[in-house]
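An overview of the molecular structure
Chain by chain, the residues run as shown.
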Amino acid sequence: MKNINIGRKKLDRRDKSQKMDQLEVTEVKETGDNEKGKKGFKNTKIYDFFWLMNPKNLATEVHVYGYNFSWQTHALLFLCGIMGIGVVGLIFQLQYNLLIICMIVMMFLIPTAVRYTYRQMYEQKRFADVTTYMEQMLYSFEVNKKVLAALKETQETFEEGKMRDCIDRAIVYIEAGVSNSENGILREGLSFIEEQYGCTKLLSVHELLVNSEDYGGNTDKSIFLLRHDVEEWKRRGYMLQERKKAANTDNILSIIVATAICAVTLYVLNYTGSKFPNGEEFNLFKNPVIQVTSFIYILLMMFAFMRSMRGQAQSWLNEEAIIDNKMVASSYKTVMNYNEEKERRKSVVIAIPFAVMSGVAFVYQLNWLGIIGFLVIIFTLRQYKIGYNIASNDVRNALYICMPQWFMQLALLLQHNNVAVSIAKSVESAPPVLKPELQMLLARLSEAPGQLSSYTDFCRKFDVPEVQSCMKMLHTISEAGVGNSDEQINDLITRVNEMQDQADKIQNNKIEYKMKTIFGVPVLASSAKMFVDFCIGVMVMFAMLQNMGGAI
């Protein structure tokens with residue numbers, strides 16, 4: 001058997017794909033950057049924002065996504081956008097200088113909105129191409145048992161386009177038969193596809209195919225497991241996008257309804273004021289505060305709309321990358337180094353100044369201040385527990401998201417390796433949050449490989465029952481040997497699917513929460529505006545009443 005470090009190779013290829021995530025569109029790396037000539041400041045989002053103002057640049061950007069965008073369409077969108085925001089400004093009776101600013105802002109936002117719209121369609125096409133490619137490759141390899149034959153058969157599935165081009169390049173490279181590194185000709189050829197799509201699921205499929213061709217053996221079970229995993233991933237991807245689409249519709253409706261309510265409120269207040277004696281010249285819209293709040297509100301609605309559009313245009317292939325690794329690493333360190341007694345003493349020390357302040361306040365009969373100080377004391381004395389629980393929940397949620405993919409990779413490795421070797425090979429390509437626990441797991445296995453506690457101590461501090469169940473299965477597989485592990489591996493995959501469902505709930509909750517925050521912007525902004533408008537209107541009316549009383 002070849003002495004190949006599969007984990008390291010997979011990590012190298014994963015690093016290549018992660019670099020592609022930094023680009024908004026993969027093809028921009030080959031085409032767009034050369035045309036933009038970005039260097040220094042030109043790499044910033046601000047420059048990119050202004051760069052799109054040029055109709056030729058916008059047309060180029062849309063063309064990169066595989067669509068055509070004419071100058072007539074560009075002019076029509078500009079006209080409709082400016083007229084639309086102009087109508088809204090006239091409804092709120094903005095001063096001309098403020099109205100012109102709103103129109104200028106809209107002019108700058110329209111190209112970005114266009115890009116988001118076409119990018120959404122582009123990402124949907126990329127997702128469909130990748131899922132079709134993975135499914136066809138797995139079916140074809142199951143029959144042919146050769147990567148090159150599977151590629152040629154899969155090639156016929158696609159019409160002319162990016163995926164077909166990538167497959168063509170991979171086939172030509174593999175047929176040339178010249179390897180440029182220790183990764184081997186198959187991995188190097190498949191990297192043409194991986195680098196263009198940057199999808200971790202794609203890496204898993206390629207890893208299985210290459211390993212199966214290199215080492216042989218019965219791969220039907222592995223292919224079945226991964227095919228089922230791909231199908232579930234595809235289903236979850238489309239369901240998630242449907243929810244995001246529904247949330248985007250809700251956001252737009254929220255903006256429209258909130259704006260209409262704000263306008264109606266202003267007109268009602270203005271109409272009420274005009275009914276006062278000598279109120280024929282009453283015009284609440286001309287009040288400077290009303291003008292400013294209307295101006296700010298319109299700008300907020302425009303940016304809320306753009307934020308919702310941006311959420312729609314995110315990559316479909318990398319939705320799982322929602323973990324803040326730095327935050328999770330800090331939370332993990334907090335939990336692992338937690339000393340309850342030390343943290344309790346620290347909380348008592350912090351609470352002492354507030355206790356003194358509260359006591360002095362009560363002595364001087366400043367009861368309200370004393371009560372506030374007392375509440376702060378209670379919070380301070382419990383904050384060490386609160387901080388620990390927050391950190392523990394952060395790590396637990398990250399584990400639920402990362403664990404299914406790692407266990408799936410481990411199940412595939414178990415087809416040709418024992419448990420300890422499979423775990424060791426999975427370390428380098430494992431998510432960052434798992435690496436410390438995996439290192440400790442390997443250390444325990446080297447000291448006491450047969451003990452159940454060596455497995456069940458994995459991530460024990462974070463209370464993830466599904467993980468403990470899976471680790472017990474790994475112990476059983478280890479004791480039974482790889483040759484007798486079929487049933488146990490199937491049970492492991494069942495548990496992995498259950499964890500994947502839980503991970504989906506956590507991920508979807510995060511995404512839905514982000515969408516809900518956008519939905520709340522129009523609600524909060526309109527509530528604040530109506531409150532200010534009402535206060536200003538009442539104050540003006542009271543001033544009119546006082547003037548009427550003085551005149552009488």
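Residues numbered from 1 in each chain as written. Predicted model: local features only at pLDDT ≥ 70, side-chain atom pairs only at ≥ 80, totals over all residues. Heavy atoms only, no water.

Right, let's get into a nonpolar patch on the surface. A contiguous nonpolar patch, built from Val348, Ile352, Val356, Val360, Val363, Tyr364, Leu366, Trp368, Ile372 and Leu381 and spanning about 990 Å² of accessible area, is present on the exposed surface. If you list the elements that add at least two residues to the nonpolar patch, you get α14 (340-363) and α15 (367-413). Considering each element in turn, the nonpolar patch owes the most residues, five residues, to α14. Structurally, Val348 is set in helix α14. (Patch = residues over 30% accessible without salt bridge, like charges linked within 9 Å, V, L, I, M, F, W, Y side chains within 5 Å. Areas by Shrake-Rupley, 256 points an atom, 1.4 Å probe, with all protein chains shown as cover. Salt bridge = Lys/Arg side-chain N within 4 Å of Asp/Glu carboxyl O. Helix = DSSP H or I, 4+ residues; strand = E, 2+ residues; numbered from the N terminus.)

Moving on, we get to the packing of aromatic side chains. Considering all chains together, one arrives at ten aromatic pairs under this definition. With 5.1 Å between their ring centres and 40 degrees between their planes, Phe127 and Trp233 make a pair best called tilted. Within this pair, whereas Phe127 is found in helix α6 (residues 96-144), its partner Trp233 is found in helix α11 (residues 220-274), the two being separated by 106 residues in sequence. Comparing Phe127 with Trp233 shows no difference in burial state: the two are buried. Ring-pair connections join several aromatic residues into one group, and the members of that group are Phe127, Trp233 and Tyr238. (Phe/Tyr/Trp six-rings, centres within 6.5 Å; stacked < 30°, edge-to-face > 60°. Buried < 20%, exposed > 50% of the residue type's maximum accessible area, 1.4 Å probe, protein only.)

Let us now look at helix α4 (residues 55-64). Inspection of α4 places Asn57, Leu58, Glu61, Val62 and Val64 among the buried residues, and these make up the whole buried set. On an axial view of α4, the arc spanned by its buried residues comes to 155 degrees, and they lie on one face. In α4, the exposed residues that point more than 90 degrees away from the buried face are Lys56 and His63. Downstream of α4 by one or two residues, Gly66 has phi in the positive range, about 95 degrees. (Arc of directions from axis to C-beta.)

A contiguous patch of positive charge on the surface is contributed by Arg307, Arg310, Lys510 and Lys514. Those elements that provide at least two residues to the positive patch are α12 (288-312) and α20 (486-551). In this structure, Lys514 sits in helix α20. (Lys, Arg positive; Asp, Glu negative; His and termini not counted. Charge placed at Lys NZ, Arg CZ, Asp CG, Glu CD.)

Interpretation in functional terms is not warranted from these geometric data alone.
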